[in-house]
Amino acid sequence: MKDFILKITASKWNYYLSLATDFLTAVVFLRLSIYYSTDIWASIAFFVVGAIFFTFLEYAVHAWLFHKDHPLKVFIEGHAHHHQNPFSYDAMPFFMSAVIASFFAWLFHFFMPTSDAFAIVGGMTLGYFNYGIMHHIMHRREFSSNYWRYMQEFHFVHHKKPLLNHGITTDIWDRVFGTYYEWSEEDLKGIEKLKRVKKKFF
């Protein structure tokens, strides 16, 4: 079963289908929130809160699920494949974002209005989509924006020092949890092997 899951998560078709379903799940959950809500601005606000909160989850999953030793080896091994081959098409099975989002929306509705639960989870899913897109681009584009060039180097240093610099879209949580590494020019030697540059982006 583990080999079957790993085969799916490393396939190109699953990779691109995952990005599509992540975005669609976020849109559907925002639409459901607006449908059930009496205040559209509250839905939008909670949606934004969810997207911001995902930056913490992005860090937590990467640092504590992918790079810590624990019994759920499938997560560690799946992520290790990306470190071995940065251009591989690694992603969770395409249906998982919708399944996980539905579970959390169901869980949250016990503690808050259903419309707010849909909005927060929708925002979290959009954050996940943003993470996926940015990670994909980081390994395939050269950035003109100072911020994204900084984040690209930040991430590439993580490939050389896997227990540090876990963020993809922000370095805030690495600073909070003490895993931020301030790199030097020496640390950046060889990073051209981690990207396939086609053209400048942003």
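Here, the structure is the one placed above.
To start, this report covers the structure provided alongside it. (Residues numbered from 1 in each chain as written. Predicted model: local features only at pLDDT ≥ 70, side-chain atom pairs only at ≥ 80, totals over all residues. Heavy atoms only, no water.)

## Regarding the overall build of the chain
Here is step 1: Assigned secondary structure in the chain consists of eight helices and two strands.
Here is step 2: Counted from the first residue to the last, the chain has its helices and strands arranged as α-α-α-α-α-α-β-α-α-β.
Here is step 3: Taking all 202 residues of the chain together, 44% fall into the buried category.
Here is step 4: A sequence separation of at least 24 residues applies to 67% of the contacts in the chain between residues at least 6 apart.
Here is step 5: Per element, the accessible surface of the chain, about 11,200 Å² overall, is 68% carbon and sulfur. (Helix = DSSP H or I, 4+ residues; strand = E, 2+ residues; numbered from the N terminus. Buried < 20%, exposed > 50% of the residue type's maximum accessible area, 1.4 Å probe, protein only. Contact = heavy atoms within 4.5 Å. Areas by Shrake-Rupley, 256 points an atom, 1.4 Å probe, with all protein chains shown as cover.)

## Considering the environment of Gln 152
Here is step 1: Relative to the assigned elements, Gln 152 resides in helix α7 (residues 146–160).
Here is step 2: Sequence separation between Gln 152 and Glu 142 is ten residues; the distance between their C-alpha atoms is 8.8 Å.

## So, a nonpolar patch on the surface
Here is step 1: Judged by side-chain polarity, Phe 95, Val 99, Ile 100, Phe 103, Phe 104, Trp 106, Phe 110 and Phe 111 come together as a nonpolar surface patch covering roughly 830 Å² of accessible area.
Here is step 2: Along the chain, Phe 95 turns up in the loop between α4 (73–84) and α5 (96–108).
Here is step 3: Its relative accessible area of 42% is what places Phe 95 among the partly exposed residues. (Patch = residues over 30% accessible without salt bridge, like charges linked within 9 Å, V, L, I, M, F, W, Y side chains within 5 Å. Salt bridge = Lys/Arg side-chain N within 4 Å of Asp/Glu carboxyl O.)

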